[in-house]
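Here is how the chains run, residue by residue.
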Amino acid sequence: MKRVRKAVLPVAGLGTRVLPGTKITAKEMLNVFDRPLLSYIIAEGRAAGIEHFIFVTGRGKQSIEDYFDHHPEMEAQLEKKGKTEALAALLAELPKPGEMSFVRQMQPLGLGHAVWCARDLIAPDEPFAVMLPDMIMHAAVSPMKQAIDAHEKTGGANIVVVEPCPEGQAHQYGIVALDGQNGRLNRMTGMVEKPPKGTEPSNLFISGRYVLSADIFSLLEKTPRGAGGEIQLTDGMAELMKTQAFHALEYEGTTYDCGDRMGLLRANVAMAIAAEGDAARDVVRGLL
Ligand code: G1P
């Protein structure tokens, strides 16, 4: 079985739910406590053994590429002023040379189309990860690692990370159907993108980490437009499920949906507490 080495990160979305903050700034670069949202996703991926990150970008997203590169003037200034901690924090964010690739999704045709744009950077027999950067997943063990472990444990099945959906919100997500529920890892029997209210097959929604076989690409190429008029990854996966096993994993940890204003607020508070402990708790208590 091939090791999962690469992750595809679709970052072309406009972030309309968090406007006006995302008018000029890429939503993936919004600050969550003291670093961009994407920084948490890369850390999670690295902790899962991901060695190469493939960003599917779009217009107005150059800041992502610049963030993962040297900033010579700033580094020289910090060095000159002896600000060693700030310099170290800056350098710690840098990728190894060649650890990142960028491909452009030229039209916003949907998540399935975005993933398909990365097809030439994944080998035909290479399982790969997909990480949706809207979601910060905070856990003792990297959630992406939990998904890759599940992929290995199931002998190479496709893995979709899921979690219970808040009451009445299933129609906004991809929802899975299970072949019975026993523990956190269960075989799937179906999935549907944005089911009309009241038709969802379970209360488990697809929350943004996947391990997929490269066979998905040829199916995405033929996937017609689905929910919202977009080419949906869920529809491509449903097609792949006709010939390959899919398991849903309820990972252990907490998800913060940063594509949403209140989710972004929760993430800020939670990441500040995770980084600074009582100093951050005191600030929050003071406000309340
Ligand atoms: C996408 C996926 C959906 C998933 C969701 C998680 O939808 O298509 O299956 O549940 O992300 O945030 P989007 O948020 O792009 O509408």
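Everything quoted here is computed from the prediction, not taken from an experiment.

Chemist: Is there a simple way to think about the state of the cysteines in this case?
Modeler: By definition, a disulfide links the sulfur atoms of two cysteines through a covalent bond. With the rule as written, the count across this model stands at 0 disulfides. In this structure Cys165 is not part of a disulfide, and its nearest cysteine sulfur, from Cys258, lies 17 Å away.

Chemist: Help me out: how do you make sense of the layout of surface pockets in this one?
Modeler: Unoccupied space between atoms shows up once a probe the size of one water molecule is rolled over them. For the largest pocket, the calculated volume is near 1200 Å³. Together, 39 residues line the largest pocket, and Gly13, Lys27, Leu111, Asp134 and Glu230 are the ones closest to its centre. Those elements that provide at least two residues to the lining of the largest pocket are helix H5 (111-116), strand S11 (204-212) and helix H8 (233-240). Here the lining of the largest pocket takes 3 residues from S11, the largest share from any one element. Tallied by class, the residues present in the lining of the largest pocket amount to 17 nonpolar, 13 polar and 9 charged. The calculated volume of the second largest pocket comes to roughly 390 Å³. Along the wall of the second largest pocket there are 25 residues; nearest its centre are Arg35, Ser39, Tyr40, Ala43 and Glu44. Among the elements of the structure, helix H1 (37-47), strand S7 (135-138) and helix H9 (261-276) are those that each provide at least two residues to the lining of the second largest pocket. In terms of residue count, H1 provides more of the lining of the second largest pocket than any other element does, 8 residues in total. Split by residue class, the lining of the second largest pocket holds 17 nonpolar, 3 polar and 5 charged.

Chemist: Would you explain the site of the ligand in this entry?
Modeler: Neighbouring the ligand are the residues Leu111, Leu132, Met135, Tyr173, Gly174, Glu193, Lys194, Ile206, Gln232 and Thr234. Here Gly174 contributes a backbone N or O atom positioned 3.0 Å from an oxygen atom of the ligand. One of the side-chain nitrogen or oxygen atoms of Glu193 is found 2.7 Å away from an oxygen atom of the ligand. When atom positions are compared with the pocket grids, the ligand is found to occupy the largest pocket. In the shell around the ligand, the residues fall into 5 nonpolar, 3 polar and 2 charged.

Chemist: Please clarify how the packing of aromatic side chains should be interpreted in this entry.
Modeler: Geometrically, a pair of aromatic rings is defined through the distance of the ring centres and the angle of the planes. Tallied over the entire structure, the rule returns 5 aromatic pairs. Arranged with centres 4.1 Å apart and planes meeting at 35°, the rings of Tyr173 and Phe205 form a pair that is tilted. On the criterion of sequence distance, the pair formed by Tyr173 in the loop between strand S8 (158-164) and strand S9 (174-178) and Phe205 in strand S11 is long-range, its members being 32 residues apart. Neither residue differs from the other here; Tyr173 and Phe205 are each classed as buried. One aromatic cluster in this structure is built from Phe55, Tyr67, Phe68 and Phe102. The ring of Trp116 is capped by Arg119, whose NZ or CZ atom sits 3.7 Å from the centre of that ring.

Chemist: In this structure, what is going on with the environment of Ala248? I would like to understand it.
Modeler: Its location among the elements puts Ala248 in strand S12 (residues 246-250). Considered as a pair, Ala248 and Phe55 are 193 residues apart in the sequence and their alpha carbons are 24 Å apart. When neighbours within four sequence positions are excluded, Ala248 is seen to be in contact with Val160, Val162, Val176, Leu178, Arg184, Leu185, Asn186 and Met188.

Cut-offs and rules
- Residues numbered from 1 in each chain as written.
- Predicted model: local features only at pLDDT ≥ 70, side-chain atom pairs only at ≥ 80, totals over all residues.
- Heavy atoms only, no water.
- Disulfide = S-S within 2.5 Å.
- 1 Å grid on protein atoms, 1.4 Å probe; cavity = no way out; pocket = protein on both sides within 12 Å on 5 of 7 lines; lining within 4 Å.
- Points joined across faces, edges and corners; volume = space filled by probe spheres on them.
- Helix = DSSP H or I, 4+ residues; strand = E, 2+ residues; numbered from the N terminus.
- Nonpolar A, V, L, I, M, F, W, Y, C, P; charged D, E, K, R; others polar.
- Near = heavy atom within 4 Å.
- Polar contact = N/O pair within 3.5 Å; in protein donor to acceptor, adjacent residues only side chain to side chain.
- Sits in = over half its atoms within 2 Å of the grid points.
- Phe/Tyr/Trp six-rings, centres within 6.5 Å; stacked < 30°, edge-to-face > 60°.
- Buried < 20%, exposed > 50% of the residue type's maximum accessible area, 1.4 Å probe, protein only.
- Lys NZ or Arg CZ within 6 Å of the ring centre and 35° of its normal.
- Contact = heavy atoms within 4.5 Å.

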